[in-house]
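Architecture at a glance
So you can see what is in the structure, the chains are spelled out below.
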Amino acid sequence: LALLAGVATVPAQAQDNAACAAMVGVWLTTIGTSGGEYASRSLVTVNADGTLQAIDSAQNQGLQGSSFSSQPGVWRCTEAGKASARTLNFGFPPRDSIARSDWTLSLDGAALSGSIALHIFPGVKGVDPFRTDSKPVDTFRFTAQKVSPP
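Below, the structure is looked at part by part. A quick note: this is a predicted structure, and the numbers were derived from the prediction, not measured. (Residues numbered from 1 in each chain as written. Predicted model: local features only at pLDDT ≥ 70, side-chain atom pairs only at ≥ 80, totals over all residues. Heavy atoms only, no water.)

1. Structural notes on the pattern of salt bridges
Inclusion rule: Here a salt bridge means any side-chain nitrogen of Lys or Arg lying within 4 Å of a carboxyl oxygen belonging to Asp or Glu. A run of DSSP states H or I qualifies as a helix once it reaches four residues; a run of E qualifies as a strand once it reaches two. Both are numbered from the N-terminal end.
With the rule as written, the count across this model stands at three salt bridges. Close ionic contact of Asp-102 with Arg-86 constitutes a salt bridge, the shortest N to O distance being 2.7 Å. Placement of the pair is Asp-102 in strand β8 (residues 97–108) and Arg-86 in strand β7 (residues 82–91), with a sequence separation of 16 residues. When the shortest N-O distance is used, the salt bridge between Arg-100 and Asp-102 registers 3.1 Å. Several salt bridges converge on common partners, so that one network encompasses Arg-86, Arg-100 and Asp-102.

2. A short note on the sheet that holds β8
Sheet strands pair via backbone hydrogen bonds, and the direction of the pair is either parallel or antiparallel. Which entries qualify depends on this criterion: For two strands to be treated as a pair, DSSP must find at least two bridges joining them. Here an angle of 0 to 180 degrees is reported between the N-to-C directions of two axes, which are lines fitted to C-alpha atoms, with helices fitted over the stretch in contact.
Within the closed barrel, the eight strands sit side by side as β3-β4-β5-β6-β7-β8-β9-β10. Their pairing is antiparallel. For this sheet the average axis-to-axis angle between neighbouring strands, irrespective of direction, equals 30°. Sheet topology note: the β7/β8 ladder contains 10 bridges and is antiparallel. Its bridge partner being in β8, Asn-89 is matched across the sheet by Ala-99.

3. A look at the pairing of strand β9 (residues 111–122)
What counts here: Residue burial is assigned from relative accessible area. The probe radius is 1.4 Å, only protein chains are included, and a residue is buried under 20% of its type maximum, exposed over 50%, and partly exposed in between.
Here β9 lies mainly inside the structure; nine of its 12 residues are buried. Both β8 and β9 contribute to a ladder of 12 bridges, which runs antiparallel. Within β9, the position partnered with Arg-100 by the bridge is His-119. Linking β8 to β9, which pair antiparallel, is a turn of two residues; within it Gly-109 sits at a positive phi near 65°.

4. Description of the environment of Leu-112
Definition in use: Note on contacts: a residue pair qualifies if any of its non-hydrogen atoms lie within 4.5 Å across the two residues.
Along the chain, Leu-112 falls in strand β9. Leu-112 sits in the buried class, given a relative accessible area of 2%. Along the sequence, Leu-112 and Thr-29 sit 83 residues apart, while their C-alpha atoms lie 8.6 Å from each other. Excluding its chain neighbours within four sequence positions, the residues that come into contact with Leu-112 are Met-23, Trp-27, Leu-105, Ser-106, Leu-107, Phe-142, Thr-143 and Ala-144.

5. With respect to the pairing of strand β4 (residues 38–46)
Inspection of the sheet shows strand β3 (residues 25–32) paired to β4 by eight bridges, in the antiparallel sense. Within β4, the residue paired with Leu-28 across the bridge is Leu-43. Counting the residues between successive antiparallel strands, the hairpin from β3 to β4 contains five residues, one of them, Gly-36, with a positive phi of roughly 90°. Bridge analysis of β4 against strand β5 (residues 51–56) gives five bridges, and the strand direction is antiparallel. Bridge pairing in β5 links Ser-42 to Asp-56.

Shown next as structure tokens:
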């Protein structure tokens, strides 16, 4: 929060995300492929400032022959209880890459669910992961429960 002439102001991203405030927190997800097969589990942290962090149980075993990093990113509320997010990660040798995941999130009561469209771009140097002409490798579906303190 910033103080301007004695009045507290809230960053624009936080104001825009107010309708999705219940999404803020840490979520334990179960992720499935578009064919309905189990893919992995992850911990997704949704922060009030519009940032998001995902850590996946399959990072070490990788995808398409390459392990991958955690996935930092950003999110925004699109309407009450619904949001979109984008994360990026790196694939490690033997297949260096940059991946972009485009997320949809939907909150129904205490349950979070949505989709993750995964785009993988070979190489790292000079690669633009924000290209709009790429096709997803897969579109995963997920369900999640909020992690609560004891």
